[in-house]
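Structural description and commentary
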Amino acid sequence: MTKVTMTVNGKAVSAEVEGRTLLSAFLREGLGLTGTHVGCDTSQCGACVVHVDGKAVKSCTMFAADADGAQVKTIEGMNNPDGSLSVVQQAFQDHHGLQCGFCTPGMVMSSAALLAENPKPTEAEIRHYLEGNICRCTGYHNIVKAVLAASGQDAAALAAE
């Protein structure tokens, strides 16, 4: 067993974990943060994306011990300090960027990471960045619209360019 200490959604946490414990399992089973979904355990679907030290990471491919000392943010930590939805979360709601909801946490986390790196991405840049996230329901159109809206851009205006 290995002791890990990290900050998750602004709260310091410590626990003993087996060396093989994945970050996704630690978050879900150890901390009860079940918003981080596990769809494949092979890094294919992106449902498990969280932020580790500000970078989007597929938590099913990272050991919890590798996050020792890190700042981790999950979908549960994405809301504003007053509890309202973040800009990205609100845009997903407003633009129907979700259907069944299984991929939504990973899509929101990846979209937020994209906007942190590139505040005004093009539609092509959004689609490229989200290639590692699979959605079987929406066809991605409304997800792209949501990311454009979260960036302060109008999808219809960009399409006309």
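These remarks concern the structure in this document. (Residues numbered from 1 in each chain as written. Predicted model: local features only at pLDDT ≥ 70, side-chain atom pairs only at ≥ 80, totals over all residues. Heavy atoms only, no water.)

Digging into the overall build of the chain
A tally of helices and strands in the chain yields six helices and five strands. Listing the helices and strands of the chain from first to last along the sequence gives β-β-α-β-β-β-α-α-α-α-α. Whereas a compact globule of 161 residues would reach a radius of gyration of roughly 15 Å, the chain reaches 16 Å, a difference of no more than 12%. Once the C-alpha set of the chain is aligned to its principal axes, its extents read approximately 55 × 35 × 25 Å. The buried share of the chain, reckoned over its 161 residues, is 43%. Surface summary for the chain: the accessible area is close to 8,200 Å², and the carbon and sulfur share equals 51%. Placing the 11 positive and 16 negative side-chain charges of the chain at their respective mean positions leaves the two points 3 Å apart. (Helix = DSSP H or I, 4+ residues; strand = E, 2+ residues; numbered from the N terminus. Rg over C-alpha atoms; globule rule 2.2 N^0.38 Å. Buried < 20%, exposed > 50% of the residue type's maximum accessible area, 1.4 Å probe, protein only. Areas by Shrake-Rupley, 256 points an atom, 1.4 Å probe, with all protein chains shown as cover. Lys, Arg positive; Asp, Glu negative; His and termini not counted. Charge placed at Lys NZ, Arg CZ, Asp CG, Glu CD.)

Thoughts on unusual backbone geometry
Phi at S43 is positive, roughly 70°, even though this residue is not glycine. Tracing the backbone through its elements, the reader meets S43 in the loop between α1 (23–30) and β3 (49–52). For D53, which is not glycine, the phi dihedral falls at a positive 50°. Positionally, D53 belongs in the loop between β3 and β4 (55–58).

Observations concerning α1
For α1, the complete set of buried residues consists of L23, S24, A25, F26 and L27. Along its buried surface, α1 packs onto β1 (2–8), β2 (11–17), β3 and β5 (71–73). One or two steps after α1, the chain reaches G32, where phi turns positive at roughly 75°. (Contact = heavy atoms within 4.5 Å.)

Observations regarding the sheet that holds β4
In spatial order, the strands read β2-β1-β5-β3-β4; together these five strands make up an open sheet with mixed pairing. Strands with a single pairing partner mark the edges of an open sheet, and in this sheet they are β2 and β4. Along the sheet, successive strands turn relative to each other by an average axial angle of 40°, direction set aside. Relative to β5, β1 is paired through two bridges, and the arrangement is parallel. For V8, the partnering residue across the bridge sits in β5 and is V72. Along the sheet, α1 contacts β1, β2, β3 and β5; its crossing angle with β1, the most-contacted strand, is approximately 75°. Sheet strands touched by helix α3 (residues 104–117): β3, β4 and β5. Its angle to β3, the strand with the most contacts, is close to 40°. (Pairing = 2+ DSSP bridges. Axes fitted to C-alpha atoms, helices over the stretch in contact; angles between N-to-C directions.)

Considering the pattern of salt bridges
All chains considered together, the criterion is met by two salt bridges. With a closest N to O distance of 2.7 Å, R20 and E18 form a salt bridge. The salt bridge partner of E123 is R127, with a shortest N-O separation of 3.1 Å. Taken together, the residues E123 and R127, both in helix α4 (residues 123–129) and four residues apart, mark about one turn of the helix. Looking at E123, the relative accessible area reads 38%, which means it is partly exposed. Relative accessible area serves as the criterion here: at 31%, R127 is assigned to the partly exposed category. (Salt bridge = Lys/Arg side-chain N within 4 Å of Asp/Glu carboxyl O.)

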